Amino acid sequence: MVLAALLNVSASVMNGGSGSGSVDFFHGLQVAIMMTLMLNLTQFTWWTCKRVRVGTCLRVHQPTLIVFVSAILVNIQPMWILVIGSWKLCCGKCEDLMKTPHCTSTGFTYPPWPGSPKDPRECPAPGGNVFWDHTYCAGGKLPIFPTVPSGWAVQIVCTWGGYALMFVGVLQATQLHRKLARKWRTIRRAQAP
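Residues numbered from 1 in each chain as written. Predicted model: local features only at pLDDT ≥ 70, side-chain atom pairs only at ≥ 80, totals over all residues. Heavy atoms only, no water.

1. Describing the sheet that holds strand 1 (residues 92-93)
Spatially, 1-2-3 is the arrangement adopted by the 3 strands of the open sheet, whose pairing is antiparallel. Sheet topology places strand 1 and strand 3 (121-122) at the edges, where each strand pairs with a single neighbour. Pairing geometry for strand 2 (residues 108-110) and strand 3, over 2 bridges, is antiparallel. Looking at the pairing, tyrosine 110 lines up with arginine 121 of strand 3. (Pairing = 2+ DSSP bridges. Helix = DSSP H or I, 4+ residues; strand = E, 2+ residues; numbered from the N terminus.)

Below you can see the structure in the form of structure tokens.
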């Protein structure tokens, strides 16, 4: 997971800038790595729960369901960024992307398709996308963190919430919290006079 996050940072600082093939490649690679890791963790949790836990299906696989939901949540932001980058869905000002001040009725456009560089793709004001405002669309700024409230909501609820659920699910599956508590009590008893 750390590797996937580092690849996202590498994609942001590549020489080609936003919208270049190398950035798109790294966004795709990050999604592939994150999905692989999170779904492998879900499989690990499933097999661990099947081997160790007893009871009803829900009782046995509750940690698996929690980790599966976390896998979906953690992958929402990278997948969304991949879609935005692949289809060039950052709505910027006409003068920034088309070099003409009024290329559309709203004054905002998505970047033109490579096959038709003079044809604007109208989009609504105030521009930007779910993560960044319109000032990030021309590729001059490096979008490391979201700059609009919806982007922060996705980051906090989906990404951070997903990691919190992952932590809870893995703890439940492995019973690590009980093992640590048992070990702590053993150590404390051994130290008692």
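Okay, back to it.
2. Side note on the environment of proline 63
Looking at where proline 63 falls in the secondary structure, it is placed in helix 3 (residues 57-86). Among the residues examined, proline 63 registers a relative accessible area of 0% and is labelled buried. Taking C-alpha positions, proline 63 is 9.6 Å from threonine 48, a pair spaced 15 residues apart along the chain. Among all residues touching proline 63, those that are not within four sequence positions of it are Thr45, Cys49, Arg53, Gly169, Gln172 and Ala173. (Buried < 20%, exposed > 50% of the residue type's maximum accessible area, 1.4 Å probe, protein only. Contact = heavy atoms within 4.5 Å.)

3. Remarks on the layout of surface pockets
Taken as a whole, the second largest pocket holds about 160 Å³ of empty space. As for the second largest pocket, its lining consists of Val52, Arg53, Val54, Arg59, Gln62, Gln172, Gln175, His177 and Arg178. For the lining of the second largest pocket, a count of residues per class yields 2 nonpolar, 4 polar and 3 charged. (1 Å grid on protein atoms, 1.4 Å probe; cavity = no way out; pocket = protein on both sides within 12 Å on 5 of 7 lines; lining within 4 Å. Points joined across faces, edges and corners; volume = space filled by probe spheres on them. Nonpolar A, V, L, I, M, F, W, Y, C, P; charged D, E, K, R; others polar.)

4. Re a positive patch on the surface
Residues Arg51, Arg59, Arg178, Lys179, Arg182, Arg185 and Arg189 make up a contiguous surface patch of positive charge. In terms of residue count, helix 6 (residues 176-191) provides more of the positive patch than any other element does, 5 residues in total. Among the structural elements, arginine 185 can be located in helix 6. A relative accessible area of 42% means that arginine 185 is categorised as partly exposed. (Patch = residues over 30% accessible without salt bridge, like charges linked within 9 Å, V, L, I, M, F, W, Y side chains within 5 Å. Areas by Shrake-Rupley, 256 points an atom, 1.4 Å probe, with all protein chains shown as cover. Salt bridge = Lys/Arg side-chain N within 4 Å of Asp/Glu carboxyl O. Lys, Arg positive; Asp, Glu negative; His and termini not counted. Charge placed at Lys NZ, Arg CZ, Asp CG, Glu CD.)

By themselves, these observations are geometric and do not establish any function.
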